[in-house]
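Listed below, chain by chain, are the residues.
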Amino acid sequence: MTEYVANVRAQADRAELVRLIARRLPRVLVLLLGAFAVAWVLFWGKDTTYGSAVSDPADFFKVVLDSLTFAGLLFVVASGFTLIFGLMRVVNMAHGSFFLLGGLIAYYLQQDFAHGGGFGLNSSQVSTLNWVLPALIGAVCLAAFGLIIQQLTLRWNQGQELRQALITIAISVIVADQLLAHMNAGNAQDISWPGSLDRFVSIGSIQYSLARLFMLAAGLAIGVLLWIWLHKTRTGMVIRAGVDDRAMVSALGVNIQLTFAIAFVVGSLLAGFGGVMGGSFAGLQTDVGSQWLLNSLVVVIIGGMGSLGGAAAGACLYAFVSNFSAIYLPTTSNNCCTEYSVAFTFGLLAVVLAFRPLGLFGRPA
Amino acid sequence: MRRYITLDRGIGIAALVLVVLGPLVFSGYWVSFILTQTFWLGIAATSMIFLSAYGGMVSLGQVGIYGVAGIVLGNVVTTGQVKGLHLGWSPWLGVVLGIGIATALGLLLGALASRSTGIYFLMLTLTFGVLIYYFFSSVTSFSGFSGISGIQGHTPHIVGDPTTHPNRLYYIALVTAFLVYLGVRYLVRTPFGLTLQGVRDDPVRMSSLGYNVTLHRTLAFTLAAFIASLAGVLFVWWNDHVDPTSFGLGPIIDLLIVCVIGSLYRLEGAWVGAFAFVLINNYTQSVNVPVVGGSFNTVIGLIFLVIVLLSPGGLLGIWGWVNRHGRALLAGAGATMLTKARPVKP
């Protein structure tokens, strides 16, 4: 009898072990994949653009900095997107168009201020003020534009998520076409960094662009400001409460419509400012708008919607995966670059979603 | 007693008779350009409306899936000096592989997205769609940015060259569209379809009744991917050319507009919306919008905005409204016969 019991117990233990392994297997596989990727970048990646990190530490360090600074820009744009979504449940599909519009307004202002005459400005012709002023005006214009859009179309559809998303899609179609017609968005337009930023500084053994470091600093500064605003002020407190329970906040006598308007204005402002930085970093064109809508979507899907920390984490992960896969995949025959880095962005999304359907920091609504 | 002949059905049958007579009634341009395009675009829209009407999932990934079907077909069938793999295999193998690979991709994407609902699902599928676009624009071995041309020279014998025999493709697209419509109508009455509608209305309850909610969503997405891939095959035969731009963000939004103009909640809306979209697209290309300027996209964007703001049910929603109020008006004038035409549901 005892032998029988022991047998059953042993069987149950074995089954339990198998189940445990099966449950842990996906996690272990992902960890192994991650470890392989790190080892590949550090030691094995011989036939890549720069070779493995150990053989070329300077370029490896450069790629790390590239990723961090790009993450700064990603965070600025995506934080606006996630702020609007978190509070209002509005997926602002026009975020990419807002980005483009903000950038183009700043571009034309800069051309006007610095007498560019429609040609690309050299950064030596651009004083710091000729970058800062257009950037601020562009961002403020977008804030006003966002407010108008929100009041005219979104305010009276509050709570109808799909309809609001469709409305913002319609607006993005119209804005994109108007930008083509009136602001020459079909051709690439470059905002010029000011001369004071457009130079190289030495970090350790390498020379690195100060303008790119500025993007990282701007991302960090905006992150800190947003955090202080959301966690230390009354408006921020109301917004955070609104994220959790809109009806209750409204019942407590808070003017939730005003809060919505503020959130949308700040979100649009960030899109506009992101557009100015993005336009100085890589130029502006119709396609860039949709690229940045995609970037914002990927960042907030990875990080979890409505979460500031999630936006930061998502921006870093996305920037690192896209930059590293572009540099450290085996190059194609013409020894130029790799074509498959998009597949890695998809892989990152797939892995995150498989484990956390709501994103890293996402919470159910 | 249930009425079998209603005004809606009458109009539907009349439209069907008209398109079956097709080439006898319409000019060559209408047959080869406007109507054939309406049919394949309507099939693509059906894949989206099926998901939204019966599964409660608004997917923006359908365009990416039909794009994959088209790209695979183009890679498999073409030969010689074109972009891509130009394998030069049999046209039918191209069809099978195109549909098969696109449907398999649908299964993968569906499995990833099916745990999200509502607006999350929309964002996720949009991201998938745009990633597919960026993937094919950067990978030059499959197509690169300029795409694959000359597909019309490698169609199956029954299709022939659509430039010289537009009527064949017209009827194939028509029959496919009709079969897709009947197939979906049948499917939503099967146990699977009914369960899917249960999942749409109350996933928690269906889950506690023992139904696998994510599995049903995933399978529905896979099925929609199959329908979308049919549209992809017809699209490349019709267009002769496929490049990533034909399934980028623009076409993704266009298909959404088609569905919203028609109706996101009724299958018939797919072809109503597709027809309206193709007409607007065709006849406003050279229009300069007064006051604000801009082109076709401003026009279609404004129409889209107005429909979303005023009539979430699309054109079919407006038609239903006109129909009901028209009847009420006539009934008020004493036309008692018409008041009986539509029995009021208890």
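All of these numbers come straight from a predicted model, not from anything done at the bench.

Peer 1: When you look at the overall build of chain B in this model, what are you seeing that I'm missing?
Peer 2: In terms of regular secondary structure, chain B is built from 14 helices and zero strands. For chain B, the sequential pattern of α-helices and β-strands runs α-α-α-α-α-α-α-α-α-α-α-α-α-α. Taking 346 residues into account, the globule formula puts the C-alpha radius of gyration at 20 Å, and chain B, at 21 Å, falls close to it. Across chain B, contacts joining residues at least 24 apart in sequence account for 75% of those joining residues at least 6 apart.

Peer 1: Explain the overall build of chain A to me, please; I cannot follow it from the model alone.
Peer 2: The helix and strand inventory of chain A stands at twelve helices and two strands. With respect to the principal axes defined by its C-alpha atoms, chain A has extents near 95 × 60 × 35 Å. Here the analysis covers contacts within chain A between residues at least 6 apart in sequence; of these, 75% occur between residues at least 24 apart.

Peer 1: Can you help me understand the nonpolar core in this one?
Peer 2: Most often, soluble globular proteins have nonpolar side chains that are buried together. Counting 215 residues, the largest nonpolar core has L74 and A315 of chain A as its most contacted members. By residue number, the principal contributor to this core is helix α9 (residues 213–239) of chain B, which donates 18 residues. Not counting residues up to four positions away in its chain, the partners in contact with L74 of chain A are N295, V299, A315, Y318 and A319 of chain A.

Peer 1: Help me understand the pairing of strand β1 (residues 200–203) of chain A, please; the structure alone is not making it clear to me.
Peer 2: Moving residue by residue along a regular strand, the side chains alternate between the two faces of the sheet. Here β1 of chain A runs beside strand β2 (residues 206–209) of chain A; their pairing, made up of four bridges, is antiparallel. Bridge pairing in β2 of chain A links V201 of chain A to Y208 of chain A.

Peer 1: Help me understand the interface of chain A and chain B, please; the structure alone is not making it clear to me.
Peer 2: Interfaces are often sized by the accessible area lost when the parts come together. Taken residue by residue, the interface counts 35 residues in chain A and 36 residues in chain B. Examining the composition of the side of chain A that touches chain B, we find that 16 residues originate from one element, helix α5 (residues 161–182) of chain A, more than from any other. Classifying every residue of the side of chain A that touches chain B gives 25 nonpolar, five polar and five charged.

Peer 1: What should I look at first to understand helix α2 (residues 28–55) of chain B in this one?
Peer 2: Along an α-helix, residues three or four positions apart point the same way, because every turn accommodates 3.6 residues. Residues and elements named next belong to chain B. Given a rise of 1.5 Å per residue, 28 residues ought to cover 40 Å, and the 38 Å separating the end C-alpha atoms of α2 matches this to within 8%. The principal kink in α2, of about 30°, is found at L35. Burial within α2 is extensive, with 23 of its 28 residues counted as buried. Downstream of α2 by a residue or two, G56 has a phi angle that is positive, lying close to 65°.

Peer 1: Would you mind showing me how to read helix α2 (residues 57–88) of chain A here?
Peer 2: Residues and elements named next belong to chain A. For α2, with 32 residues, the first-to-last C-alpha span of 45 Å sits near the 46 Å given by 1.5 Å per residue. A78 marks the point of greatest bend in α2, at about 30°. Where burial is concerned, most of α2 is hidden: 24 out of the 32 residues are buried. Residue R89 follows α2 closely and has a positive phi angle near 60°.

Peer 1: Honestly, the packing of helix α3 (residues 95–113) of chain A against helix α4 (residues 128–154) of chain A in this entry has me stumped. Any pointers?
Peer 2: Packed helix pairs are specified by the crossing angle of their axes together with the interaxial distance, meaning the distance between the axes. All names here are of chain A. Viewed as axis vectors pointing N to C, α3 and α4 meet at an angle of 140°, and their least axial separation amounts to 8 Å. Between α3 and α4, the angle is such that the two are oblique. In this structure, the crossing between α3 and α4 has a hand that is right-handed. Mapping the contact onto sequence places F98, L101, G102, G103, I105, A106, L109, Q110 and F113 in α3 and N130, W131, L133, P134, A135, I137, G138, A139, C141, L142, F145 and G146 in α4. Considered class by class, the residues forming the contact of α3 with α4 number 15 nonpolar, six polar and no charged.

Peer 1: Help me understand the packing of helix α3 (residues 62–77) of chain B against α9 of chain B, please; the structure alone is not making it clear to me.
Peer 2: Residues and elements named next belong to chain B. Two elements in contact, α3 and α9, have axes separated by 7 Å at closest approach and are oriented at 50°. With respect to their mutual orientation, α3 and α9 come out oblique. Where α3 crosses over α9, the handedness of that crossing is right-handed. Residue-level contacts link Q62, I65, Y66, G67, A69, G70, L73 and G74 of α3 to A224, A225, A228, S229, A231, G232, V233, F235 and V236 of α9. Across the contact of α3 with α9, the residue classes break down as eleven nonpolar, six polar and no charged.

Peer 1: Just checking my understanding: could you explain the environment of L180 of chain A for this structure?
Peer 2: Position of L180 of chain A among the secondary structure elements: in helix α5. According to the C-beta neighbour criterion, L180 of chain A is partly exposed, with 19 such atoms within 10 Å.

Peer 1: Just to check I follow, could you spell out unusual backbone geometry for this structure?
Peer 2: Residues other than glycine seldom take positive phi values, yet N184 of chain A does so here, at roughly 55°. One non-glycine residue with positive phi stands out, namely D240 of chain B, at about 70°. Relative to the elements of secondary structure, D240 of chain B occurs in the loop between α9 and α10 (249–262).

Quick notes on the rules
- Residues numbered from 1 in each chain as written.
- Chains lettered and ligands numbered in written order.
- Predicted model: local features only at pLDDT ≥ 70, side-chain atom pairs only at ≥ 80, totals over all residues.
- Helix = DSSP H or I, 4+ residues; strand = E, 2+ residues; numbered from the N terminus.
- Rg over C-alpha atoms; globule rule 2.2 N^0.38 Å.
- Contact = placed C-beta atoms within 7 Å.
- Core = buried A, V, L, I, M, F, W, Y, C linked by C-beta atoms within 7 Å.
- Buried ≥ 20, exposed ≤ 12 C-beta atoms within 10 Å, placed from the backbone.
- Pairing = 2+ DSSP bridges.
- Nonpolar A, V, L, I, M, F, W, Y, C, P; charged D, E, K, R; others polar.
- Expected span 1.5 Å × (residues − 1).
- Bend = angle between axes of the 7 residues up to and from the residue.
- Axes fitted to C-alpha atoms, helices over the stretch in contact; angles between N-to-C directions.
- Parallel < 35°, antiparallel > 145°, perpendicular 65-115°, else oblique.
- Left-handed = near helix turned anticlockwise from the far one by under 90°.

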